[in-house]
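Given next are the chains, with one letter for each unit.
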Amino acid sequence: MHLQRVLACLALLLFSSLTYALNGWKHSFQGDVQLFEPTDLPPGKIFEYRLFGPYELNGKGLESWFRDQAMTIQKTLGQPLQPWVVKPDKQNWSIANSFKHGEVTLSVGYEGGLLEGGKAYIMRMVSTREMAMMRKYALEYYKVLDEAKQIAKTAIRVAPGQGAKLTDIELVWVFSDIDVIWGGIDVDTYLLFKDGTLYMNCTIPPDELNVSASKSQQPKKWTRWRKDGETYQILNKSKQVWVNLRGEPAVVMNTGKRLSGKYLNAGGSQYSGSWKKHIVFHDDGRFDMGSFAMNNNSMMGGGQIGPGGEIAPLVTVMSSSDKQGTTGTSSVIGETVGGGGQTKRRDGSKNTGYYTINPYSITLEHDNGWTHTELFFYEKRRGEYNLVYGNDLYWLDASESSIS
């Protein structure tokens, strides 16, 4: 492979590893339909993805069901301008066409496939007919589709306030420990409900957890809890024994609380490389975040000499993203190849914005238009307050910051 192609692939992986979930996309619901729109869409242009479903096939084959359902959906937009031809696309089915939207011709595409459990979905793209713009947002297709399918296939995560009631929860519990294989710290959050049930490894705000859907589709994440004196215990269902629950009760934050400080998350191993992430909270309600990562292919023989000579060139990738933007640097060092490259993006607005704290959640409104809500609370350990943010643990950088 030529050096330029190696560096191009590295640059793509580099930036994809730095993006936050659905970064650059607005997500909303219109009824049961998920809508995704790019936050940087030029004025007067159209581009969107919509995911319809999940649907029951009711005994129909996927191809015939998809053809009929996609045509029904298309009727809400307008008559297709080309023949309606369904084509196989790996294990899915797809249609590409165009239609008139007033005086403008728009491109439309459909993909149909199956979710876990045998239910079906349809993903629709509508776009202004400009190849540069279509290529730009089409590169994000699988990221958007994966997020949409996760929501659609389980319906476990619902809109804020539509999930579990905090009044039904006896206690939120947290246990963190060092991951000796991949580096960093693993965080397990437990929801102990007043009816004696327990939800394990919670990674979303409790008020976004659809309890009934989760019990149906995530049975392994549910068990029971009890108190033995002052000790909380959970039932190990596979062995039918009660074990002590390790960790501490989570410390809830009050609605509207303001933070002041820099919180860090870092780790690494020979398998995962090294990384460092931070979030800075300001007491005026602003935040900024950043990340740094470095990895190489030494575990796969890069830079090593074998019996027949060099196994492979040593490829090293470094990346950083903060309020100034995103930078990626790559280098290739070998017996017959060498070089490097750097790429920069002025996309710092994805890393800054305003935050709002509610019990066990935080809402981040990024300056680029992306808004999302994450699991958020304190873990108090040995007198220190760490932050649980989603599935990660952040600790206060005491050299620079303080809790307000």
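Residues numbered from 1 in each chain as written. Predicted model: local features only at pLDDT ≥ 70, side-chain atom pairs only at ≥ 80, totals over all residues. Heavy atoms only, no water.

1. A few points about a nonpolar patch on the surface
A surface patch of nonpolar side chains, about 240 Å² in accessible area, is lined by F292, M294 and M318. Positionally, M294 belongs in strand β17 (residues 286–296). (Patch = residues over 30% accessible without salt bridge, like charges linked within 9 Å, V, L, I, M, F, W, Y side chains within 5 Å. Areas by Shrake-Rupley, 256 points an atom, 1.4 Å probe, with all protein chains shown as cover. Salt bridge = Lys/Arg side-chain N within 4 Å of Asp/Glu carboxyl O. Helix = DSSP H or I, 4+ residues; strand = E, 2+ residues; numbered from the N terminus.)

2. Observations concerning unusual backbone geometry
The backbone phi angle of Q240 is positive, close to 55 degrees, even though this residue is not glycine. Tracing the backbone shows Q240 in the loop between β12 (231–236) and β13 (241–244). Its identity is not glycine, yet Y360 carries a phi of approximately 65 degrees, on the positive side. With respect to the helices and strands, Y360 occurs in the loop between β23 (352–358) and β24 (361–366).

3. Details of the packing of aromatic side chains
How two aromatic rings sit relative to each other is given by the distance of their centres and the angle of their planes. Summed over all chains, the structure comprises 19 aromatic pairs. Centre to centre, the rings of Y141 and Y142 are 5.1 Å apart; their planes meet at 75 degrees, and the pair counts as edge-to-face. Classification of Y141 by relative accessible area gives buried; the value is 13%. Consider the rings of Y389 and Y394, whose centres lie 6.0 Å apart with planes at 90 degrees: the pair is edge-to-face. Residue Y389 is classed as buried on the basis of its relative accessible area, which comes to 11%. Ring pairing ties together the aromatic residues W25, F47, Y49, Y137, Y141 and Y142, which thus form one cluster. Lying over the aromatic face of W222, K215 brings its terminal NZ or CZ to 5.0 Å of the ring centre. Between the NZ or CZ atom of R258 and the centre of the ring of Y355, over which it lies, the distance is 5.4 Å. (Phe/Tyr/Trp six-rings, centres within 6.5 Å; stacked < 30°, edge-to-face > 60°. Buried < 20%, exposed > 50% of the residue type's maximum accessible area, 1.4 Å probe, protein only. Lys NZ or Arg CZ within 6 Å of the ring centre and 35° of its normal.)

4. Examining the confidence of the model for the chain
Do not read the fine detail of predicted coordinates wherever pLDDT is low. Mean pLDDT for the chain: 83, with 83% of residues reaching 70 or above. Taken element by element, the chain is modelled with least confidence in helix α1 (residues 3–18), mean pLDDT 40, and with most confidence in strand β10 (residues 197–199), mean pLDDT 97. Of the regions scoring below 50 in pLDDT, residues 1–21 engages in 36 contacts with residues more than four places distant in sequence or in other chains. (pLDDT = per-residue confidence, 0-100. Contact = heavy atoms within 4.5 Å.)

5. Here we look at the nonpolar core
Membership of the largest hydrophobic core comes to 20 residues, with the highest contact counts inside it found for V172, L191, F193, Y199, L209, F377 and V388. Counting only elements with at least two residues in this core, the list comes to β8 (169–178), β9 (185–193) and β25 (371–381). Discounting residues that sit within four places of it in the chain, Y199 has contacts with T189, Y190, L191, F193, L209, S214, Q218, K221 and W222. Of all hydrophobic cores here, the second largest spans 18 residues; its members include F66, W93, Y110 and A120. (Core = buried A, V, L, I, M, F, W, Y, C linked by side-chain atoms within 4.5 Å.)

6. Quick word on the pairing of strand β7 (residues 120–128)
Within a regular strand, side chains alternate between the sheet's two faces. The buried fraction of β7 is high, at nine of nine residues. Burial along β7 is two-sided: A120, I122, R124, V126 and T128 and Y121, M123, M125 and S127, pointing in opposite directions, are all buried. In this sheet, β7 lies alongside strand β6 (residues 104–114) in antiparallel orientation, the contact comprising nine bridges. Across the sheet, the residue bridging to S107 is S127, located in β7. (Pairing = 2+ DSSP bridges.)

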